[in-house]
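Chains, contacts and geometry: an overview
Spelled out, the chains give:
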Amino acid sequence: MSAAASLPTMLTATAAALSAAPASGAPIKDIADDLTTTASLLHRFLSSSALGIFAALGMLVALVATRVLVRDAVRVRKLNTPTGFVLVYLAVASGDVILPGTGWLTFIAQVFLVLSLISTASFYFFDLLLPRWRQREVPAIIRDLVQAVLFIITMVVLLAGTGVNISGLLVGSTVVTAVIGLALQDTLSNVISGLSIQIEKPFQEGDWVTFGDLSGQVQAISWRTTKILTSHADLVILPNKIVANGSLVNHSRPEPRHRRKLEIGAPYAVPPNRVARALLEAAASVPGVLASPAPDVLLRKYGDFTVDYELRFFIDDFGKRWELDDAVLRRIWYHFARAGIDFPFPVRDVTMRQVTPAETAARRAAETAARVRLLRSIDFLAPLTDDDLARLAEHIDGKDFSAGETIIHQGDEGDSMYLVRSGQVDIQVAAGAGQRTVATIGEKNFFGEMSLMTGAPRTATVVAKEDVAVYVIDKADFQDVLTQSPKLAEQISEVLARRQMSLQTSAAAVAPAEIKEKSRDVLDKIRRFFRF
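Figured I'd write up the structure that's included with this text. (Residues numbered from 1 in each chain as written. Predicted model: local features only at pLDDT ≥ 70, side-chain atom pairs only at ≥ 80, totals over all residues. Heavy atoms only, no water.)

1. What about the sheet that holds strand β14 (residues 446-447)?
The condition that has to hold: If DSSP finds at least two bridges between two strands, the strands pair. Secondary structure follows DSSP: runs of H or I at least 4 residues long count as helices, runs of E at least 2 residues long count as strands, and numbering of each begins at the N terminus. We call two residues in contact whenever any of their non-hydrogen atoms come within 4.5 Å of each other. Every axis in this analysis is a line fitted to C-alpha atoms, fitted for helices over the stretch in contact. Angles between the N-to-C directions lie between 0 and 180 degrees.
Pairing is antiparallel in the open sheet, where 4 strands are placed in the order β9-β16-β11-β14. Edge positions in the open sheet fall to β9 (397-401) and β14, since each of these has one partner strand only. In terms of strand pairing, strand β11 (residues 416-422) meets strand β16 (residues 468-474) through 6 bridges, oriented antiparallel. Counted as the bridge partner of Leu-419 is Tyr-471 from β16. Packed onto the sheet, helix α13 (residues 357-376) meets β11 and β16 and runs at close to 110° relative to β11.

Take a look at the structure:
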């Protein structure tokens, strides 16, 4: 009896036995007839090389068509295995047809035919049908296990058909299995742990996890190991037994949202609400920090020389946690500086060097002179005298902004202007749902002059292109200057009017009468804004 005929022969015998048994009713006889018919059909199929080749050609056509229709590159690669088995079977079966009577060649052909059937059916069931039905991928370990069990059963049936004593083989293999099992305890333990991980799914490929002191992204889960790529780009391979028995934190489940905590110290002299406001503004200004849930601040303790706060905020990408921590800490420095909050320092006994009043006055005079030179570069401040500029220079404030920070927003109310000391800023205007950069200005340039002089809303958004230092001139600073020299308002209004109209059209096309009318309009706005 051939291997191919073994299973149909067994079914035929079973059917015959059922037919010969005492009839207890028509259903039993019908079942026996059905089994006989099925066994006959299987016998014809497996014992016929022509039918096997025809079936293999059908599978090959189906696999090629699937390769064309399926656009997923991962699934397409999985088609290589069943396609390879089909091609090997066709090659061996062709040799069996050319060299009839070669028993071992027939057996090999039957083995590869069964492998082709199992691998092809496995692909369509596990990779196409189940994912659509359950909306999730089937673990590779389960698929491999099912294929292995089917292959073992098929091999036992085929060997039984060739006349091999299966019972003796099983008894002998039991002893061998026991010896191998003892030698491979750790490996089998890792395999079983890997199977449990695939079934329970405490994590999946792509998840960010922390295992002990190790944090990283899961790259692959195999039968024996789990591979984790750390934030330092190191690949760590952990045995599944250790992973299954240890404590693991999954930062990507049940959702990728993750909270970060930063400890910040502030001086005792600054009220807690003021510190909290600066910290919250700094966190909210960083791209990547989630607006919901909103950041919050806790006062943790009163230290030796600082009040310790904890800034908490959420992110949705655990892999960028260090970059976002860095961005938030950098923004805190700038927000503290603009809010007048100093970073505390330990109290120590130090040797002080007394600075004389003359040195202080000289340093202040040099700083004022530098500010005056910078103010002199602003065209609409040209009507101011040196004394006016010096008085203004003593009151203006210096502020620093980090790259990416928004300095002013289009449409906001304002009563100040900015003079760029160093760095560059982008001037942006609303364009649909986004922003469009219309200009980039740098040192000795300014923006916001109409808000300073008339209180007009901001006409553009200004964003720091790099680290920027600016002087801020507000309404209160300029009020003193105009109070001392009211006539300056007329001269400034004419400069602003000319400046505005030159931006709208060429300077040569602007008629003097138009400039005069525009300057009167600007002057009225200045007088109303400064109430004089």
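2. Thoughts on the nonpolar core
As a reminder, the rule being used: Throughout this description, the term nonpolar core refers to a set of buried Ala, Val, Leu, Ile, Met, Phe, Trp, Tyr and Cys residues connected via side-chain atoms within 4.5 Å. Only protein chains enter the area calculation, which uses a 1.4 Å probe; residues under 20% of their type maximum are buried, those over 50% are exposed, and those in between are partly exposed.
Within the largest apolar cluster, 32 residues are counted, with the highest numbers of intra-cluster contacts made by Leu-375, Phe-380, Leu-392, Met-453, Phe-478, Leu-482 and Ile-492. When residues of this core are traced back to their parent elements, those giving at least two are α13, α14 (386-393), β11, α15 (449-454), β16, α16 (475-484), α17 (488-504) and α18 (512-530). Among all residues touching Leu-482, those that are not within four sequence positions of it are Met-453, Leu-488, Ala-489, Ile-492, Ile-526, Phe-530 and Phe-532. In terms of nonpolar packing, the next biggest core, distinct from the first, is built from 23 residues, Ala-276, Val-289, Val-328 and Ile-332 among them.

3. A short note on the packing of aromatic side chains
Test applied: Within 6.5 Å between ring centres, the rings of Phe, Tyr and Trp (the latter by its six-membered ring) count as paired, and their orientation is classed by plane angle as stacked under 30 degrees, edge-to-face over 60, tilted in between. In our convention, an over-ring charge means Lys NZ or Arg CZ found within 6 Å of a ring centre and within 35 degrees of that ring's normal.
All told, the structure shown has 7 aromatic pairs when counted by the stated rule. Aromatic pair Tyr-418 and Phe-447: ring centres 5.2 Å apart, planes at 10°, arrangement stacked. With Tyr-418 in strand β11 and Phe-447 in strand β14, the pair connects residues that are 29 residues apart, well separated along the chain. Of the two residues examined, Tyr-418 and Phe-447, each falls in the buried class. With a centroid separation of 6.5 Å and an interplanar angle of 45°, the aromatic rings of Phe-478 and Phe-530 are classed as tilted. You can see Phe-478 sitting in helix α16 and its partner Phe-530 sitting in helix α18, a full 52 residues away along the chain. Take Phe-478: its relative accessible area is 0%, and that puts it in the buried class. Ring-pair connections join several aromatic residues into one group, and the members of that group are Phe-478, Phe-529 and Phe-530. Arg-257 extends its terminal NZ or CZ atom over the ring of Phe-314, reaching a point 5.5 Å from the ring centre. One residue, Lys-475, lies across the ring of Phe-530, its end atom 6.0 Å from the ring centre.

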